[in-house]
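# Summary of the model geometry
Chain by chain, the residues run as shown.
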Amino acid sequence: MTLRPLPGALALAFALCASAAAAQSSPAPSVPAAPGVANATVGALEGNAVSAGAEVVSIAQDRASRMTVPVSIDGRGPFSFLIDTGSERTVVSRDIAGALMLKFAEIARLVSIAGTKMVETVYVPDLTLGRQNYGEVVAPILEAHHIGADGILGLDGLQDQRILFDFTTNAISIEDVAKRAVSSDFEIIVTARRRSGQLIFTDATLGGKRISVVIDTGAQSNIGNLALLRRLGGGKKLTQEQGSLVSVTGQSVTVNSGMANDFRIGRAQFEFVPIVFADSQAFAELGLDKTPALLLGMGTLRLFSRMMIDFKQRRVLFDMPSNARRRPDRAPI
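Residues numbered from 1 in each chain as written. Predicted model: local features only at pLDDT ≥ 70, side-chain atom pairs only at ≥ 80, totals over all residues. Heavy atoms only, no water.

### Quick look at the overall build of the protein
As a reminder, the rule being used: A helix here means a DSSP run of H or I that spans at least four residues, while a strand means a run of E at least two residues long, and both kinds are numbered starting from the N terminus. The cut-offs for exposure are 20% and 50% of the maximum accessible area for each residue type, with area from a 1.4 Å probe on protein chains only; residues under the lower value are buried, those over the upper are exposed, and the others partly exposed. Should any heavy atoms of two residues lie within 4.5 Å, those residues are counted as being in contact.
Helix and strand counts for the protein stand at seven helices and 29 strands. Counting all 333 residues of the protein, 58% fall into the buried class. Sequence separation of at least 24 residues holds for 69% of the intrachain contacts in the protein that already meet a minimum separation of 6.

### Here's the deal with unusual backbone geometry
Excluding glycine, residues mostly carry a negative phi; peptide bonds, for their part, are mostly trans. The step from Gly77 to Pro78 runs through a cis peptide bond, and the omega angle for that step is 10 degrees. Residue placement: Pro78 occurs in strand S7 (residues 76-83). Unlike most non-glycine residues, Asn170 shows phi in positive territory, near 55 degrees. Among the structural elements, Asn170 can be located in the loop between strand S15 (161-166) and strand S16 (171-176). What makes Asn170 partly exposed here is its relative accessible area of 25%.

### Things to note about the packing of aromatic side chains
As a reminder of what qualifies: Any pair of Phe, Tyr and Trp rings, taking the six-membered ring for Trp, is counted once the centres come within 6.5 Å. Such a pair is stacked with planes under 30 degrees apart, edge-to-face with planes over 60 apart, and tilted for the rest.
Within this structure, the stated rule accounts for four aromatic pairs. Centroid distance Phe165 to Phe167: 6.4 Å. Interplanar angle 20 degrees. Geometry classified as stacked. In this pair, the class of Phe165 matches that of Phe167, namely buried. Ring plane angle 85 degrees and centroid distance 5.7 Å describe the contact between Phe270 and Phe304, whose orientation is recorded as edge-to-face. Of this pair, Phe270 sits in strand S26 (residues 268-278) while Phe304 sits in the loop between helix H7 (298-301) and strand S28 (306-310); the two residues are 34 residues apart in sequence, bridging distant segments of the chain. Comparing Phe270 with Phe304, the two get one shared label, buried.

### Quick word on the nonpolar core
Where we set the bar: The set of buried Ala, Val, Leu, Ile, Met, Phe, Trp, Tyr and Cys residues whose side-chain atoms join them within 4.5 Å is what this entry labels a nonpolar core.
If you look at the biggest cluster of nonpolar residues, it comprises 60 residues, and the most contacted ones within it are Phe263 and Phe318. With five residues, S26 is the largest single contributor of residues to this core. Among the nonpolar cores identified, the runner-up in size contains 16 residues, and Val276, Ala282, Ala293 and Leu295 belong to it.

### With respect to the environment of Ser280
Relative to the assigned elements, Ser280 resides in the loop between S26 and helix H6 (281-285). In the structure, Ser280 is positioned 54 residues away from Leu226 in sequence and 8.6 Å away in space, judged by C-alpha atoms. With residues up to four places along the chain from it excluded, the contact list for Ser280 reads Ser112, Ile113 and Ala114.

### A word on the pairing of strand S6 (residues 67-73)
What counts is decided by this rule: For two strands to pair, DSSP has to find at least two bridges joining them.
Within S6, seven of the seven residues are buried, leaving the element largely enclosed by the surrounding structure. Side chains Met67, Val69, Val71 and Ile73 of S6 all project onto a buried face; the interleaved residues Thr68, Pro70 and Ser72 project onto the opposite face, where all are buried too. The pairing of S6 with S7 spans five bridges and is classified as antiparallel. What sits directly across from Ile73, in S7, is Arg76. Here S6 runs beside strand S11 (residues 127-129); their pairing, made up of two bridges, is antiparallel. Each bridged residue has a counterpart across the sheet, and for Ile73 the counterpart in S11 is Leu127.

### Notes on the pattern of salt bridges
Basically, it comes down to this: A carboxyl oxygen of Asp or Glu within 4 Å of a side-chain nitrogen of Lys or Arg is what we treat as a salt bridge.
Taken as a whole and assessed by the stated rule, the structure comprises eight salt bridges. For Arg94, the salt bridge goes to Glu143, with nearest N and O atoms at 2.8 Å. Of this pair, Arg94 sits in helix H2 (residues 94-99) while Glu143 sits in the loop between strand S13 (137-142) and helix H3 (144-147), and the two are 49 residues apart along the sequence. Its relative accessible area of 29% is what places Glu143 among the partly exposed residues.

### Quick notes on the confidence of the model for the protein
This is how the line gets drawn: The pLDDT value tells you how sure the predictor is about a given residue, anywhere from 0 up to 100.
Across the protein, pLDDT averages 75, with 72% of residues at or above 70. Under a pLDDT of 50 for its full length, residues 5-28 has, in the predicted model, 85 contacts with residues more than four places off or in other chains. Under a pLDDT of 50 for its full length, residues 55-59 has, in the predicted model, 35 contacts with residues more than four places off or in other chains.

Printed below as a string of structure tokens:
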């Protein structure tokens, strides 16, 4: 069994980026009997992005600015799961697997941003977020201090959903994509292609050169491949310092950090974005090792007011902050 890329949920070992995993380290959890998941019917969301039947789930924010949501497992919880659009699979911590006495499934190959590792998997029964029940999933088990949470809600639990991240209210709304097509007033709409569950779009440029982008809500920082580093002029032009990056598996990889200028998605333009560059097999698993590519993390995503991911229509939609600069022909990031 091959578990394909889990590039998100990263703990960075840079001084400028404190390790999220270390900050979240905690003793084995107690297991409440009642789910207690916070949810409500959509009230007054901005625009017309989701239908009235969609559900709003409050999100928490960890010390790395990533988003966690309350999840119940077989009626117990809630547990704090990182919502990660960069992870193909849902993951549970070893602490949770032990406390719930989850049944072991098989050994699997897991590819993370820092390499490949053989991991144990377990059957997770009756996984629930708000009113959404995902049934039973087979999930890798990893250490909680590497995840920085009780688990990860990955793409295997998100593929049939339309998800709106409202960063102004710190909430997400979740809707089954079969209900109806989106009618919205988002300022930026990009169309993506799908590979290994991830949505990859090319309606983005960095330094005036087109790149491929993957939305990665499980990563704090933006992560570029070596093809992107070469496209931008190489290490002499961009590299500021060298460090290591620790993945959810506990493995580390050496990376270079730098500041790149003029990053654009549609009408949005950022003058500068921080990027760490890694020679990672995760890009190869996505077919992105030969082309300039960027995993767009939460540090940049939170600069937008809202973001919607529509998996069925293969679209990603953004709203700029009200005080952001706009140009009719050039978009600032």
